[in-house]
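Next come the chains, spelled out residue by residue.
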Amino acid sequence: MTHDRNSSTRLEEEIEEIKRYDDFSTTDWVKDAILERYRHSSIQNKNVNDKSWYAWWQLTFEATQSWIVVLLVGAAIGFNSALIAIVTDWLSDIKLGYCDHAWWLNQKFCCWEIEDDTGGCDEWNSWSEMVYSGPDVYMIKWIFYVLWATLFATTCAYLVKTFAPYAAGSGISEIKCIIAGFVMRGFLGGMTLVMKSIGLTMAVASNLSIGKEGPSVHMACCVGNVISRCFRKFKSSKAEMREILTASSAAGVAVAFGSPIGGVLFALEEMSTKFPNRTMWKSFFCAMIATIVLQAMNPFRTGKLVMFQVSYDREWHFFEYSFVVVIGIFGGLYGALVIKYNLIVAQFRKSTLKDYPIMEAGVLAFITAVIAYPNVFLRIDMTEIMGILFRECEGAGTENYHGLCNKDEMGRMAFSLFVATLLRCAGTIVTYGAKIPCGIFVPSMAIGATFGRMLGLLAKAWQEASPGNILFASCHPDIPCITPGTYAFLGAAAALCGVMRITVSVVVIMFELTGQITYILPTMITLMITRAVGDWFGSDGIADRYIRLNGYPILNNNEQVFGVPVSHVMRNNMTVLTAAGMKLLDIEKILETTNYQGFPVVESSKSMILIGYIGRPELRYLIEKARISNKAHDNTICRFSPDISDELEIITASTDNDDVNSSRETTDSLDFGPYMDQTPITVHPKLYLETVMDMFKQLGPRVVLLEERGRLAGLVTVKDVLKYTAHIEHVESPSKPRREYNCNLFHKFSSCIPFRRNSTHRYTTYFSDNASLYSNNEEQHELTGRN
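1. What about the overall build of the protein?
Next, step 1: Within the protein, the secondary structure is distributed over 30 helices and eleven strands.
Next, step 2: Expressed as a percentage of its 787 residues, the buried residues of the protein come to 57%.
Next, step 3: Sequence-distant contacts in the protein: of pairs separated by 6 or more residues, those separated by 24 or more amount to 77%.
Next, step 4: When the accessible surface of the protein is split by element, carbon and sulfur atoms take 59% of a total near 33600 Å².

2. Quick word on the sheet that holds strand S6 (residues 610-615)
Next, step 1: With mixed pairing, three strands are arranged side by side in an open sheet as S3-S5-S6. Every interior strand has two partners, whereas the edge strands, strand S3 (577-578) and S6, have only one.
Next, step 2: Here five bridges tie strand S5 (residues 598-602) to S6, and the two strands are oriented antiparallel to one another. By the bridge assignment, Phe599 is partnered in S6 with Ile614.

3. Quick look at the confidence of the model for the protein
Next, step 1: For the protein, the mean per-residue pLDDT works out to 80, and 82% of the residues sit at or above 70.
Next, step 2: The low-confidence segment residues 17-23 (pLDDT under 50) makes 27 contacts with residues lying over four places distant or belonging to another chain.
Next, step 3: Here residues 734-787 is a poorly scored stretch, pLDDT under 50, and it has 111 contacts once near neighbours within four places are set aside; other chains count.

4. Description of the pattern of salt bridges
Next, step 1: Inspection of every chain in the model, using the stated rule, returns 16 salt bridges.
Next, step 2: Between Glu243 and Arg278 there is a salt bridge whose closest N-O contact spans 2.7 Å. Of this pair, Glu243 sits in helix H11 (residues 238-257) while Arg278 sits in helix H13 (residues 277-297), placing them 35 residues apart in sequence.
Next, step 3: Judged by relative accessible area, which is 9%, Glu243 ranks as buried.
Next, step 4: A salt bridge links Arg501 to Asp535, with the nearest nitrogen and oxygen atoms 3.6 Å apart. Here Arg501 is found in the loop between helix H20 (484-500) and helix H21 (504-514), whereas its partner Asp535 is found in helix H22 (residues 520-537), with 34 residues between them in sequence.

5. Notes on the state of the cysteines
Next, step 1: In total, this model carries one disulfide according to the counting rule given.
Next, step 2: Put simply, Cys475 and Cys481 are joined by a disulfide, and their sulfur atoms are 1.7 Å apart. Assigned by exposure class, Cys475 and Cys481 land together as buried.
Next, step 3: Looking at Cys221, it has no disulfide partner, and the nearest cysteine sulfur is the one in Cys222, 7.3 Å off.

6. Concerning the packing of helix H19 (residues 441-465) against H20
Next, step 1: Following both chains from N to C, one finds H19 and H20 inclined at 140°, their axes separated by 6 Å at the closest point. It follows from the interaxial angle that H19 and H20 lie oblique. In the crossing of H19 with H20, the sense of the turn from one axis to the other is right-handed. Between H19 and H20, the contacting residues are Phe441, Ser444, Met445, Gly448, Ala449, Gly452, Arg453, Leu455, Gly456, Leu457, Ala459 and Lys460 on the first element and Pro484, Gly485, Tyr487, Ala488, Gly491, Ala492, Ala495, Leu496, Val499 and Met500 on the second.

7. Structural notes on the sheet that holds strand S8 (residues 669-671)
The pairing of strands in a sheet comes from backbone hydrogen bonds and takes either a parallel or an antiparallel form.
Next, step 1: Read from one edge of the open sheet, three strands run S4-S7-S8, paired in mixed fashion. Every interior strand has two partners, whereas the edge strands, strand S4 (582-583) and S8, have only one.
Next, step 2: As judged from the three bridges shared by strand S7 (residues 637-639) and S8, these two strands associate in the parallel manner. Paired with Cys638 across the strands is Leu670, a residue of S8.

8. Topic: the packing of helix H14 (residues 321-353) against helix H18 (residues 410-431)
Next, step 1: Running from N to C, H14 and H18 point in directions that differ by 40°, and their axes come no closer than 7 Å. Considering the angle they form, H14 stands oblique to H18. Residues Phe330, Tyr334, Leu337, Val338, Tyr341, Asn342, Val345 and Arg349 of H14 pack against Thr421, Cys425, Thr428, Ile429, Val430 and Thr431 of H18.
Next, step 2: For the contact of H14 with H18, a count of residues per class yields nine nonpolar, four polar and one charged.

9. So, the packing of aromatic side chains
Next, step 1: Tallied over the entire structure, the rule returns 24 aromatic pairs.
Next, step 2: Ring geometry for Phe323 against Tyr487: centres 5.9 Å apart, planes inclined by 70°, an arrangement best described as edge-to-face. Of this pair, Phe323 sits in helix H14 while Tyr487 is found in helix H20, placing the two residues 164 residues apart along the sequence.
Next, step 3: Note on Phe323: relative accessible area 9%, which makes it buried.
Next, step 4: The exposure class of Tyr487 is buried, given its relative accessible area of 1%.
Next, step 5: Lying across the ring of Tyr373, Arg379 places its NZ or CZ 4.2 Å from the centre.

10. Some remarks on the nonpolar core
Next, step 1: Of all hydrophobic cores here, the largest spans 151 residues; its most connected members are Ile77, Phe377, Phe390, Ile436 and Met500.
Next, step 2: The element contributing the most residues to this core is H20, with twelve residues.
Next, step 3: Tyr596, Val601, Ile623 and Met676 belong to the second-largest nonpolar core, a separate cluster that totals 24 residues.

11. Things to note about the side chain of Glu320
Next, step 1: Considering the arrangement of structural elements, one finds Glu320 in the loop between H13 and H14.
Next, step 2: Excluding anything up to four places from it in sequence, Glu320 contacts Glu315, Cys481, Ile482 and Tyr487.

12. A word on unusual backbone geometry
Next, step 1: A positive phi angle, near 55°, is found at Met608, a position not held by glycine.
Next, step 2: The topology assignment puts Met608 in the loop between S5 and S6.

13. Here's the deal with a nonpolar patch on the surface
Next, step 1: Where nonpolar side chains cluster on the molecular surface, the patch consists of Tyr356, Met359, Val363, Phe366, Ile367, Val370, Ile371 and Leu423 and spans about 710 Å² of accessible area.
Next, step 2: Top contributing element to the nonpolar patch by residue count: helix H15 (residues 357-372), with six residues.
Next, step 3: Its location among the elements puts Leu423 in helix H18.
Next, step 4: Given a relative accessible area of 33%, Leu423 falls into the partly exposed group.

14. Brief notes about the environment of Val370
Next, step 1: Note on placement: Val370 falls in helix H15.
Next, step 2: Residues Val370 and Tyr145, 225 residues apart in the sequence, show an inter-C-alpha distance of 8.4 Å.

15. Overview of the environment of Arg453
Next, step 1: In this fold, Arg453 is placed in helix H19.
Next, step 2: Arg453 sits in the buried class, given a relative accessible area of 0%.
Next, step 3: Separated by 32 residues in sequence, Arg453 and Gly485 have C-alpha atoms that sit 6.1 Å apart.
Next, step 4: When residues no more than four places from it in sequence are discounted, the contact partners of Arg453 are Ile388, Leu389, Phe390, Arg391, Cys393, Leu404, Cys405, Leu417, Pro484, Gly485, Tyr487 and Ala488.

Here is what the cut-offs are and how they apply
Residues numbered from 1 in each chain as written. Predicted model: local features only at pLDDT ≥ 70, side-chain atom pairs only at ≥ 80, totals over all residues. Heavy atoms only, no water. Helix = DSSP H or I, 4+ residues; strand = E, 2+ residues; numbered from the N terminus. Buried < 20%, exposed > 50% of the residue type's maximum accessible area, 1.4 Å probe, protein only. Contact = heavy atoms within 4.5 Å. Areas by Shrake-Rupley, 256 points an atom, 1.4 Å probe, with all protein chains shown as cover. Pairing = 2+ DSSP bridges. pLDDT = per-residue confidence, 0-100. Salt bridge = Lys/Arg side-chain N within 4 Å of Asp/Glu carboxyl O. Disulfide = S-S within 2.5 Å. Axes fitted to C-alpha atoms, helices over the stretch in contact; angles between N-to-C directions. Parallel < 35°, antiparallel > 145°, perpendicular 65-115°, else oblique. Left-handed = near helix turned anticlockwise from the far one by under 90°. Nonpolar A, V, L, I, M, F, W, Y, C, P; charged D, E, K, R; others polar. Phe/Tyr/Trp six-rings, centres within 6.5 Å; stacked < 30°, edge-to-face > 60°. Lys NZ or Arg CZ within 6 Å of the ring centre and 35° of its normal. Core = buried A, V, L, I, M, F, W, Y, C linked by side-chain atoms within 4.5 Å. Patch = residues over 30% accessible without salt bridge, like charges linked within 9 Å, V, L, I, M, F, W, Y side chains within 5 Å.

What follows is the structure in structure tokens.
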């Protein structure tokens, strides 16, 4: 038994050594599944007949460690989210002033139960009072507000650039790619987690048009990765790690919105393309634990999980569906506008501003603060302002924020909300994607909330001015007919759907935020209209667009029909390894002169009879091991001897055969056959391309070999499919008729949003700009080589 345990341990260590060479490449899920099954069966075989306590513990731990990890991850995510909420709330209020008797309290806790209509109190001192200029010196408060905001953003950008460049941005696009199998070492590391947590508090507090809900998914996945890496099972199996990351992303959304079910649906709808029942249960459990911990910590001391959690108790009138249509159209147009122009800004940032991230963040924060302070709906934190806009003006929980509920202030409030919508929209377009932790969920919801509240105020003013109108016949005379807060609520949902192109999860998130089933139907109608309008301009959300912009080799789930065999896509000028006759120096030269992630192994370059496939990481590991252990030299002969036994192939060397391998490996001869994949996925060159694409999506191989009558004809990878797709769409798009608006105002800067644009043209626009990324044989990442 001791020998079996040592062999299993050595095997897992050897697998991990091989995988350390694998970075910025795609995961071979077929190979990973075979390795995981072998690891699991080896543990079962060595302990099944052992009656000792150690064997019982091994089997029990093997069966339960996934749930232990999920429990720890969920608790850590909830704890981290609560800390970030507390610190962010305090930093956001520091821009406005400080608490006289306890500097560590934010304005809400400093003025608990003694606040006035503006939310302040005698205990809360503005910065103008500190410099002895009086409590209401507008210019002094404005200056301090701008200085604090600029300081927060600049410090955040400096920390991110210096210590963790991967902490910049939202992270959702990259997480989707990692879950799909793209390897990015360091993106989910501990330093990234620390810097993203610290930087996010300052970035949000600077009042830039960014949110923390998107980055919370990245931080949650960092927590999941850091904790699960402490367990050997998750270090050796990428499939197990994928489940943890999917569950972590669900927990990240759950704590961000106080919506555990919505978080699970978000992971299903947006993050993962593979979502079996076991992944769903782990995601549900992780989201539940994270929400429980967040609620136990109660960061806002209100019992609510998020600041904009509300409840409604009024009926929804049928005539209000006309306003629902308006809100839905706004959400779709907003999403199309932001996606289009933000990508233009992102391309400009990558080409011109990439060397000045700190200066960019400081300038953006300065301009945003200068513009935002005069508008009461832009001045404070977005989550706080959404909580205000969602509330009713009558009944419990009423807050008359700067006269928002006063009838005589209705016109001024509507104008301020309209200005806030325009300015926040412009700020989101320019700011999202900067080299600081930034998300687009909350800014979009805030934009939708200001627009919806404005529409609600206008509708309410119309109803009160014309109560006898037949349109308002269902209104009762003594009960408020229209609740503007519900319009803000629907606007927030529509804007989020418009920019992310998610529907089901948004409906459930909004339902969990309100706790009322009354508004599910209006929300569903709003989001259906939003999705229809948004899909008219393009079906992909901003996360998928950033995947294309950055050149990640990931296939989307859109159905495409080409009607051609896979031979039209395959590569036939391959670099192959022969089964015998190659020297160690020859293989090293191939590794130095190419960037391929693997090589087909053939009987000879003349016959091209396929024997197997070996990956680049395995070759690099074997050569390094041979140089050190076997004293191999440049002229050492390398063979790839296939195993002719009937035993199942395990694709990696079995440590039980170490003695046999040692007898076959000398200073003059090496046999790499045990490390070769003798059963690679092969297809006939005449197979339809769509079928091969389905194989990539469902099975997840790194490469598919094309074999005809036993001879290797070519190979195809995901990148080959993407290049062919881009080529076909670029050729066909000029012939696609399309109409455009005449937008002279924006003509100097970019083309206007098309009235109806074909999806293939839209794909080529951003894909072709990154063609150089795909022309290389190794997957690239926008942060590769960054210090």
